[in-house]
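As a plain string of letters, each chain reads:
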Amino acid sequence: MSVRIGLVGTGTVGGGCIDIIQKHRDDFKRHYGVDIELARVCSRTPKGAEAHGVGHLFTSDYKDIVNDPDIDLVVELVGGTGIAHDIVCDALRAGKNVVTANKALMATAGEEVFALAEEAGVEVAFEASVGGGIPIIDPLKHSLISNEISSVLGIVNGTTNYMLTRMNEDGMPYDAVLAEAQEKGYAEADPTADVDGFDAAAKIAILASIAFNSRVSMSDVSTEGIRGIQPVDLKTAHNMGYAVKLLALAHRLPEGIDVRVHPTMIPLSHQLAHVNGVDNAIYVTGDAVGETMFFGAGAGAGPAASAVMGDVLEVSRHIMLGVPPIVGCTCTDELPIVPMGNLETRYYLRFVVPDRAGVLATAAEVFARHDVSLRSVMQKGTRQRDAVNLIFITHTAREANIRAVLDELTGMDDMVLADPTVIRVED
């Protein structure tokens, strides 16, 4: 008996999956007793299928796969929440198991997807949606299932991690390092999803849902990106004993789930501080296992295809053995999302202000008025002769109070000359 697969999407990841199947099909039969057969391949043009030697399996209509009664498993590698949503949902309605690498779909329509899978009695696997080739979904759903997870912290976007690494090591300004990342293929022509934190937000929504057994969607994640970060911020943080990373954070608190994405100062002694370049890492804390970290390549055709094929083999094994879905949707606890304004932590704030007397005193009065205690104040020069960087490090403060400070200072005429930079401190 073979498990027949319909693959939709023949880009870099889809092509990688085709190559793995062709190269290792006999190995899979010999080592795992799983015979997988690539039955149909779908994309807009036949070029991808032909390039990987499967042009004879090509179709341009995904419904040829969904409606084929002999296909057992649909692999969706289109991405996004448009046609990919139709592919996944139609496949599940047709009673087919699904493997996807689609983080955006799972972070926004996960509830619908799992409901359809449960109704049809089939399985949905999505390991490649977070962390590329890093195993994290399966460990959370199986290996760590006996734990109460208290926190998940992650560097889950290789583009921004590369950019921050270059800015830190070589002093390159944001615009220059973004251009370099685009030239190297690490950043898209439109880098919004990466640099504004939306890619990371989708991933932490998925991880938090699994870790805390509660529905967390992308819209629940408070999200800020790295556009305001400059080398002066990284140098100052390093002098204080910290590294700056775009961190995706999820904490289980007594009042609910704290979930957010933003630039974060983490101690240089922490393992995440030394994850550089395009690598990803996810740090999980459980009550029984303690602290664990999953590290590796977070993107690329090989790592992503590796994760997809791991899911394909596992689901295929279940199909061959007649095993029903082992772990479906676990979001049963319905924990509330803690408002971002309730966050209490320390803050690094940098303002570009006029180089004139009285500015510091005025700013200090605003902080005091909103009950934000200052730990230290630094003044650093800028390229503008008539402006300086005014940097404040706070004691523990409430997010809502920090927002009030920012609103008041930026609302003053000729007080703040550029958008302020805010970096939260995680100790």
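Position labels on residues start from 1 in each chain and follow its written sequence. For this predicted model, a pLDDT threshold of at least 70 governs which residues receive local features, and a threshold of 80 or more governs which side-chain atom pairs are given and counted, while totals over whole chains, interfaces and linings are taken from all residues. Neither water nor hydrogens contribute to the side-chain values; these are computed over all heavy atoms in the structure.

S.K.: What should I look at first to understand the overall build of the chain in this one?
M.R.: Here a helix means four or more residues in a row that DSSP labels H or I, a strand means two or more in a row labelled E, and each is numbered from the N terminus. From N to C terminus, the chain includes 14 helices and 17 strands. Throughout, radius of gyration means the C-alpha value; the globule benchmark is 2.2 Å times the number of residues raised to the power 0.38. Radius of gyration (C-alpha) of the chain: 24 Å, near the 22 Å computed for a compact globule of 427 residues. Overall, the C-alpha framework of the chain stretches about 80 × 45 × 35 Å when taken along its three principal axes. Residue exposure (1.4 Å probe, protein chains only): buried if accessible area is under 20% of the type maximum, exposed if over 50%, otherwise partly exposed. A buried classification covers 53% of the 427 residues belonging to the chain. Using the Shrake-Rupley algorithm and a 1.4 Å probe, accessible areas are obtained, with residue cover drawn only from the displayed protein chains. Roughly 18200 Å² of accessible area belongs to the chain as shown, and the carbon and sulfur atoms make up 48% of that amount. Charged residues are defined here as Lys and Arg on the positive side and Asp and Glu on the negative side; His and the ends of the chain fall outside this count. Charge placement uses NZ in Lys and CZ in Arg. For Asp and Glu, CG and CD serve respectively. In the chain, 34 side chains carry a positive charge and 57 a negative one; their mean positions are 5 Å apart.

S.K.: Mind showing me how you'd approach the environment of glutamate 180 here?
M.R.: With respect to the secondary-structure elements, glutamate 180 resides in helix α8 (residues 174–183). Sequence spacing of glutamate 180 and arginine 166 is 14 residues, and the spatial spacing of their C-alpha atoms is 9.6 Å. Excluding anything up to four places from it in sequence, glutamate 180 contacts Tyr162, Arg166 and Met172. Contact criterion: two residues are considered in contact whenever any of their non-hydrogen atoms come within 4.5 Å of each other.

S.K.: Whenever I open this one, the sheet that holds strand β4 (residues 73–76) confuses me. Can you help?
M.R.: Hydrogen bonding along the main chain pairs the strands of a sheet, whether they run parallel or antiparallel. If you walk across this open sheet you meet the six strands as β3-β2-β1-β4-β5-β6, and the pairing is parallel. If you trace the sheet from one side to the other, it starts and ends with β3 (58–59) and β6 (124–125), each paired once. Inspection of the sheet shows β4 paired to strand β5 (residues 97–100) by four bridges, in the parallel sense. Note that in β5 the partner of valine 75 across the bridge is valine 99. Strand pairing follows a simple DSSP-based rule, namely that at least 2 bridges must link the two strands.

S.K.: Can you help me understand the packing of helix α5 (residues 103–120) against helix α10 (residues 198–211) in this one?
M.R.: Fitted lines through C-alpha atoms serve as axes, helices being fitted only where they are in contact, and the angles separating the N-to-C directions of these axes extend from 0 to 180 degrees. For the pair α5 and α10, interaxial distance at closest approach is 8 Å and the crossing angle is 55°. Taken together, the axes of α5 and α10 are oblique relative to one another. α5 and α10 meet at a crossing whose hand is left-handed. Facing Lys103, Ala104, Met106 and Ala107 of α5, the residues of α10 in contact are Asp199, Ala202, Lys203, Ala205 and Ile206. Three classes are used, and their members are as follows: Ala, Val, Leu, Ile, Met, Phe, Trp, Tyr, Cys and Pro are nonpolar, Asp, Glu, Lys and Arg are charged, and the others, Gly among them, are polar. Here the contact of α5 with α10 is built from residues that sort into six nonpolar, no polar and three charged. For classification purposes, angles smaller than 35 degrees are called roughly parallel, those larger than 145 roughly antiparallel, those between 65 and 115 roughly perpendicular, and all remaining angles oblique. By convention the crossing between two helices is left-handed if the near helix lies anticlockwise of the far one by an angle smaller than a right angle, and right-handed if it lies clockwise.

S.K.: So what exactly am I meant to see when it comes to the packing of aromatic side chains here?
M.R.: The relation between two aromatic rings is expressed through the spacing of the ring centres and the mutual angle of the planes. Only centres within 6.5 Å qualify two rings of Phe, Tyr or Trp (six-membered ring in Trp) as a pair; their planes then separate them into stacked at under 30 degrees, edge-to-face at over 60, and tilted for everything else. Tallying each qualifying case throughout the model produces five aromatic pairs. Pairing phenylalanine 351 with phenylalanine 392 gives two aromatic rings, centres 5.9 Å apart and planes at 75°, and the pair type is edge-to-face. Here the residue phenylalanine 351 occupies a position in strand β13 (residues 344–354), and phenylalanine 392 occupies one in strand β15 (residues 387–394), the gap between them amounting to 41 residues. This pair shows no difference in class: phenylalanine 351 is buried, exactly as phenylalanine 392 is. Measuring from ring centre to ring centre gives 4.7 Å for phenylalanine 367 and phenylalanine 392, while their planes differ by 40°; the resulting arrangement is tilted. Placement of phenylalanine 367 in helix α13 (residues 359–369) and of phenylalanine 392 in strand β15 is noted, with a sequence separation of 25 residues between them.

S.K.: Sorry if this is basic, but what is going on with the pattern of salt bridges here?
M.R.: Side-chain pairs of opposite charge can arise where the charged atoms are in close proximity. Salt bridges are defined by distance alone: a side-chain nitrogen of Lys or Arg within 4 Å of a carboxyl oxygen of Asp or Glu. In this structure the tally under the stated criterion is 21 salt bridges. The closest approach of N and O atoms between glutamate 399 and arginine 403, which form a salt bridge, is 3.2 Å. Taken together, the residues span about one helical turn, with glutamate 399 and arginine 403 both in helix α14 (residues 399–410) at a distance of four residues. A network of salt bridges, in which partner residues are shared, links Glu224, Glu399, Arg403 and Arg424.

S.K.: Any chance you could explain helix α7 (residues 158–170) here in plain terms?
M.R.: Side chains that are three or four residues apart share a direction in an α-helix, a result of its 3.6 residues per turn. Expected helix span is taken as 1.5 Å per residue step, with the number of steps being one fewer than the number of residues. For α7, which comprises 13 residues, the first-to-last C-alpha distance of 18 Å matches the rise-based estimate of 18 Å (1.5 Å per residue) to within 8%. Considered for burial, the residues of α7 that qualify are Gly158, Thr159, Thr160, Asn161, Tyr162, Met163, Leu164, Thr165 and Met167. Each element contacted by the buried residues of α7 is listed here: β7 (149–155), α8, α9 (192–195), α11 (231–239), β9 (242–253) and β11 (279–286). For α7, the side-chain oxygen to backbone nitrogen distance between the N-cap and threonine 159 is 3.3 Å, and the N-cap itself is asparagine 157. Looking at the residues trailing α7, positive phi occurs at glycine 171, about 65°. We call two N or O atoms a polar contact when they sit within 3.5 Å, provided that within protein one can donate a hydrogen and the other can accept it, with sequence-adjacent residues counted only if both atoms are side-chain atoms.

S.K.: Is there a simple way to think about the layout of surface pockets in this case?
M.R.: To locate leftover empty space, one rolls a probe as large as a water molecule over the atoms. The distinction between a cavity and a pocket rests on a 1 Å grid over the protein atoms alone: a 1.4 Å probe fits inside a cavity but cannot get out, while a pocket stays open yet meets protein on both sides within 12 Å along at least five of seven lines, and a residue with an atom within 4 Å of a point counts as lining. Grid points are joined across faces, edges and corners, and a volume is the space filled by probe spheres set on the points. One number sums up the size of the largest pocket: a volume of about 1100 Å³. Taken together, 39 residues make up the lining of the largest pocket; nearest its centre are Lys103, Glu188, Asp199, Lys203 and Ala299. Those elements giving two or more residues to the lining of the largest pocket turn out to be α1 (12–32), α5, α7, α9, α10 and α12 (301–321). The element contributing the most residues to the lining of the largest pocket is α10, with four residues. In terms of residue class, the lining of the largest pocket is built from 19 nonpolar, 13 polar and seven charged. Computed from the structure, the second largest pocket encloses a volume of approximately 470 Å³. Looking at the second largest pocket, it is lined by 18 residues, and the ones nearest its centre are Gln230, Val232, Arg350, Arg383 and Asn389. Secondary structure elements with two or more residues in the lining of the second largest pocket: α8, α11 and β13.

S.K.: Looking at this structure, how should I read the nonpolar core?
M.R.: Side chains of a nonpolar character, in soluble globular proteins, are inclined to be buried together. Judged by nonpolar contacts, the single largest core of 79 residues is most densely connected at Leu92, Ile136, Met163, Ile204, Leu207 and Val284. Considering each element in turn, this core owes the most residues, ten residues, to α10. The contacts of valine 284, once residues within four sequence positions are left out, are Ile136, Leu140, Leu144, Ile149, Ser151, Val152, Gly290, Glu291, Thr292 and Phe294. Residues grouped as a nonpolar core are buried Ala, Val, Leu, Ile, Met, Phe, Trp, Tyr and Cys residues, joined through side-chain atoms within 4.5 Å. In terms of nonpolar packing, the next biggest core, distinct from the first, is built from 30 residues, Val3, Phe28, Leu73 and Val308 among them.

What is shown is where atoms sit, not what they do.
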